[in-house]
Amino acid sequence: MNILEKQNCPECKSTLVDDMQNGEIICSGCGVVVDDQIADFGPETISSSFEDKMKLARATGQTTYSQHDLGITTEISISAKDFSGKTINHEVASQMHNLRKWQQRVRVSSPKERRLANVLSKLGETCEGLNLSKNVLETASMIYRNLDGHIEVKGKSVVSITTATIYMACKQCDVIRSLEEICRGICPVKDVKSKTKLAARYYRTMVMEMGQMHAPVVTMNKYISKIANMTHTEVRVERLALEIAEKTKDSSIADGKAPNGIAAAYLYVASVLLGQSVLQRDVSSIAGVTEVTIRNRCKEILTCHKLKITLRPSLAN
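Residues numbered from 1 in each chain as written. Predicted model: local features only at pLDDT ≥ 70, side-chain atom pairs only at ≥ 80, totals over all residues. Heavy atoms only, no water.

Quick look at the overall build of the protein
In step 1: Within the protein, the regular secondary structure consists of twelve helices and three strands.
In step 2: In the protein, buried positions account for 32% of the 317 residues.
In step 3: Summarising the internal contacts of the protein: among those between residues at least 6 apart in sequence, 58% fall at separations of at least 24.
In step 4: Roughly 20,900 Å² of accessible area belongs to the protein as shown, and the carbon and sulfur atoms make up 52% of that amount. (Helix = DSSP H or I, 4+ residues; strand = E, 2+ residues; numbered from the N terminus. Buried < 20%, exposed > 50% of the residue type's maximum accessible area, 1.4 Å probe, protein only. Contact = heavy atoms within 4.5 Å. Areas by Shrake-Rupley, 256 points an atom, 1.4 Å probe, with all protein chains shown as cover.)

Here is the structure:
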């Protein structure tokens, strides 16, 4: 309740109580309605989900690292109507246009802020295009902000530094994405190879200069799960592939070889054993390896180990 309002009942001097459901202020003693129109500062609607509550709150104080001003700046919307829905005249519309233009100029005034806003907007577009979660976007934004003082980002390729930053954020968030996949979602096909090579160099520099940021090791299980999800493989095939990978992890099959090729081979072997129609062409295109690589890895797995699988018979209806 506002401190400027009356704190006691004008009739019996008792304490006042706020009835938020009816929008009234009533006396706790005699029941006199002191005010019947009070402001509701709560959320727009009632929700049981915490995420929905944060979205529907009137003023949450939320900030985001994915915007250069942390998302706390008020923006003048582009509209020809006022708050009540009435059309504003030409003079006011021209004035709002000029205010909007100068507001944008003031928000990004220095070259450093302009570069930060450009890279963060590119991060947001890339994460949205690659269907990456908001956690990856916020992590990538924090990583890029921490580059100040460690690496000179002025003059570097926006596409490559964005790719390297998202790649490091994916590693920290346990998301399987390669540099080439990320770069393919930003630049044209003809520039993917050169931009990927430059992004790899930026990533190595970031790891060496920012030594306190340790990325977790990506295990074979995550590669198998990624390929299985992208190829829409059945869950039982994925489970069998994970079990085969767990049984053969102590061998030297994966030494010096690309992990996505080994994961694709595990998945293909499991699909064959369970009688599922998974084509090598589909698995190889998703994994980013050739069909010959998958056949060679399958031959190594079946040669070095003897597989014995006991299947439970399905129950008749």
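The rest of the description comes next.
Regarding the pattern of salt bridges
In step 1: In the structure shown here, the tally under the stated rule is five salt bridges.
In step 2: Residues E181 and K226 are paired through a salt bridge, measuring 2.6 Å at the closest nitrogen-oxygen approach. Taken as a pair, E181 in helix 6 (residues 179–184) and K226 in helix 8 (residues 220–230) lie far apart in primary sequence, 45 residues in all. In terms of burial, E181 and K226 fall into one category: buried. (Salt bridge = Lys/Arg side-chain N within 4 Å of Asp/Glu carboxyl O.)

Structural notes on a positive patch on the surface
In step 1: Taken together, the side chains of K193, K197, R201 and R204 present a region of like positive charge at the surface.
In step 2: Since its relative accessible area comes to 67%, K197 is described here as exposed. (Patch = residues over 30% accessible without salt bridge, like charges linked within 9 Å, V, L, I, M, F, W, Y side chains within 5 Å. Lys, Arg positive; Asp, Glu negative; His and termini not counted. Charge placed at Lys NZ, Arg CZ, Asp CG, Glu CD.)

Here's the deal with the sheet that holds strand 1 (residues 16–19)
In step 1: The three strands are arranged 1-2-3 in an open sheet whose pairing can be described as antiparallel. Strand pairing shows two members of the sheet lacking a second neighbour, strand 1 and strand 3 (33–35), which therefore form its edges. On average, adjacent strands in this sheet sit at an angle of 35° to one another, irrespective of strand direction.
In step 2: The sheet contact formed by strand 2 (residues 24–27) and strand 3 spans two bridges and is antiparallel. By the bridge assignment for strand 3, I26 is matched with V33. (Pairing = 2+ DSSP bridges. Axes fitted to C-alpha atoms, helices over the stretch in contact; angles between N-to-C directions.)

Quick notes on the packing of helix 8 against helix 9 (residues 235–247)
In step 1: Where helix 8 contacts helix 9, the two axes come as close as 10 Å, and the packing angle between them is 160°. Comparing their axes, helix 9 and helix 8 come out roughly antiparallel. In this structure, helix 8 meets helix 9 at a crossing whose hand is right-handed. In this structure, helix 8 uses M220, N221, I224, S225, A228 and N229 to contact helix 9, whose residues at the interface are E238, A241, L242 and A245.
In step 2: In terms of residue class, the contact of helix 8 with helix 9 is made up of six nonpolar, three polar and one charged. (Parallel < 35°, antiparallel > 145°, perpendicular 65-115°, else oblique. Left-handed = near helix turned anticlockwise from the far one by under 90°. Nonpolar A, V, L, I, M, F, W, Y, C, P; charged D, E, K, R; others polar.)

Some thoughts on the pairing of strand 2
In step 1: A one-sided burial pattern is seen for strand 2, the buried positions being I25 and C27 and the unburied ones E24 and I26.
In step 2: Of the strand pairs in this sheet, strand 1 and strand 2 are connected by four bridges, and their pairing is antiparallel. Across the sheet, L16 pairs through a bridge with C27, a residue of strand 2.
In step 3: What sits between the antiparallel neighbours strand 1 and strand 2 is a turn of four residues, in which G23 has the positive phi angle 70°.
In step 4: Once strand 2 ends, the chain turns through five residues before running back antiparallel as strand 3, passing G31 with a positive phi of about 85°.

Section: the environment of G31
In step 1: Examined against the element boundaries, G31 turns out to sit in the loop between strand 2 and strand 3.
In step 2: Residues G31 and C9, spaced 22 residues apart in sequence, show a C-alpha to C-alpha distance of 9.2 Å.

What about a nonpolar patch on the surface?
In step 1: Together, L273, L302 and L307 give the surface a local cluster of nonpolar side chains, amounting to about 240 Å² of exposed area.
In step 2: Turning to its location among the elements, L273 is positioned in helix 10 (residues 259–273).
In step 3: Taking the relative accessible area as the measure of exposure, L273 reaches 38% and is therefore partly exposed.

Brief notes about the nonpolar core
In step 1: Counting 37 residues, the largest nonpolar core has L123, L132, Y144, L147, I166 and M206 as its most contacted members.
In step 2: For this core, the secondary-structure elements that each account for two or more residues are helix 3 (111–129), helix 4 (134–146), helix 5 (158–172), helix 6 and helix 7 (192–209).
In step 3: The element contributing the most residues to this core is helix 5, with eight residues.
In step 4: Setting aside residues no more than four positions away along its own chain, L147 makes contact with V153, I161, M206 and M210. (Core = buried A, V, L, I, M, F, W, Y, C linked by side-chain atoms within 4.5 Å.)

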